Amino acid sequence: MSAVKIKSVMGRWTVWVPLVALVALVLSWGRDLPLLAVVAVALCLAGAVLAAVHHAEVVAHRVGEPFGSLVLAVAVTVIEVALIVTLMVDGGDKSASLARDTVFAAVMITCNGIVGLSLLVGALRRRIAVFNAEGSGAALATVATLATLSLVLPTFTTSKPGPEFSAAQLTFAAVASLGLYGLFVAMQTVRHRDHFLSVARDGVVKDGALSDDVGVDDDEHSGVPSRSIALFSLVMLLIALIAVVGDAKAVSPTIESGVDSAGLPHSVVGVVIALLVLMPETLAAVRAARRDQVQRSLNLALGSAMASIGLTIPVIALASIWLEGPLLLGLGATHMVLLALTVVVGALTVVPGRATLLQGGVHLAILAAYVFLAVSP
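Heads up: these notes are all about the structure in this document. This structure is a prediction, so every number in the text was calculated from the model and none was measured. (Residues numbered from 1 in each chain as written. Predicted model: local features only at pLDDT ≥ 70, side-chain atom pairs only at ≥ 80, totals over all residues. Heavy atoms only, no water.)

**A word on the side chain of Thr-189**
The line we're drawing: Starting at the N terminus, helices and strands are each numbered in turn, a helix being any DSSP run of H or I of at least four residues and a strand any DSSP run of E of at least two. Polar contacts, as used here, are pairs of N or O atoms within 3.5 Å; protein pairs need one atom able to donate a hydrogen and one able to accept it. Residues neighboring in sequence count only if both atoms are side-chain atoms. We call two residues in contact when some of their heavy atoms are within 4.5 Å.
Position of Thr-189 among the secondary structure elements: in helix H7 (residues 167-191). Within the structure, the side chain of Thr-189 is placed 2.7 Å from the backbone oxygen of Val-185, a separation counted as a polar contact. If sequence neighbours within four positions are ignored, Thr-189 has contacts with Phe-67 and Leu-70.

**With respect to unusual backbone geometry**
Applied cut-off: Think of it in three bands: with a 1.4 Å probe and only protein chains considered, a residue is buried below 20% of the maximum accessible area for its type, exposed above 50%, and partly exposed in between.
Although it is not a glycine, Arg-127 sits at a positive phi angle of roughly 70°. Structurally, Arg-127 is set in the loop between helix H5 (98-126) and strand E1 (129-130). Residue classification places Arg-127 among the exposed residues on the basis of a relative accessible area of 71%. Positive phi outside glycine occurs at Asp-292, with the angle close to 65°. One can find Asp-292 in the loop between helix H10 (279-290) and helix H11 (294-319). Given the relative accessible area of 17%, Asp-292 is considered buried.

**So, the nonpolar core**
How we decide: What makes a nonpolar core is a set of buried Ala, Val, Leu, Ile, Met, Phe, Trp, Tyr and Cys residues whose side-chain atoms join them at distances within 4.5 Å.
Ranked by internal contacts, the top residues of the largest apolar core, which has 100 residues, are Met-88 and Tyr-370. Broken down by element, this core gets its largest block of residues, 14 residues, from H11. Discounting residues that sit within four places of it in the chain, Tyr-370 has contacts with Asp-101, Phe-104, Ala-105, Met-108, Val-271, His-335 and Leu-338.

**So, the packing of helix H3 (residues 35-63) against helix H8 (residues 227-261)**
Test applied: For every element, the axis is a line fit to its C-alpha atoms; helices are fit only across the contacting stretch, and the angle between N-to-C directions ranges from 0 to 180 degrees. Here the angle decides the label: under 35 degrees means roughly parallel, over 145 means roughly antiparallel, 65 to 115 means roughly perpendicular, and every other value means oblique. Each crossing gets its handedness from the near helix: less than a right angle anticlockwise from the far helix is left-handed, clockwise is right-handed.
Axis separation between H3 and H8 bottoms out at 7 Å; the angle between their running directions is 150°. In terms of orientation, H3 and H8 fall into the roughly antiparallel class. When you trace H3 past H8, the crossing you get is left-handed.

**Some remarks on the side chain of Asp-101**
The topology assignment puts Asp-101 in helix H5. You can call Asp-101 buried: its relative accessible area is 7%. Ignoring anything within four residues of it in the chain, the contact list for Asp-101 reads Ser-267, Gly-270 and Tyr-370.

Set out below in structure tokens:
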């Protein structure tokens, strides 16, 4: 990258805002923050989210689909896992169900919130949102299997009392989750990559690259960003995501105290954390849907749900060797009903490969029910 380009890029808000957010993370780490400082960190978090979306789109424009969606989903999930483990180490027995609550919240937000918003935006733009049913169906089936193995079965196993896995069962769930996720990524990126590319309205698969309005340099505006610009954006994406998740941890004590003061269930903390962490994917998916790239939106949504389970459970299983206290993974009856409803409705949505405003509204209604019941169980 030339000196002129570096100077031009470094002058952008998408570069300095994540750096400021990272500085805010360093200054606030491990400290009790006053209300004014919490507000400042929250503003940094919001700016870092917007910057992360920008840099993710630049990277996606360079590598094309489905690799672009995979980069953002995996990057966010890896850092999300680090956040969960950190909070569990600090939280003691109070955080025994944090992994379950956060992962399930991520599944509901992605499979209903992001999917619903994407279909809604796509249908508003073109009356009917069109996507590849083969790829989306395979992704949904994988999410349903991972969720059942990791979050439903612990409620019914009998080796340990309560919704817990025994050590052997947790090891099996971790290996199965990681293996299934790895197999899906191989299918998505190598063997059946065409199943995850956008389709034209006549059903023909078309290139999944982003449109050219991703905010790259003017001389790159007419084509794919150069390798140097893409690498720079990848580095900035990681910095922005670290700032997002770190700043979310910095404000989490305020969230926890607010939840306790309001007399709400502690599981609401997991919902709020998932909402904060998944903001980059949500904004990226909505922007893709506005460009009539609904398939990319679904890749982001279902890929994030899959990564949340397929990467979190193995890491939590490994961390449980050092973590003290129980690890509650099994869902309650209400959440199992919502998960089953999500899978059934999701299957009916993706099978035709076309969706209207109604399908988007149904998914958003399920998310609303989940959030309402989390607040008022």
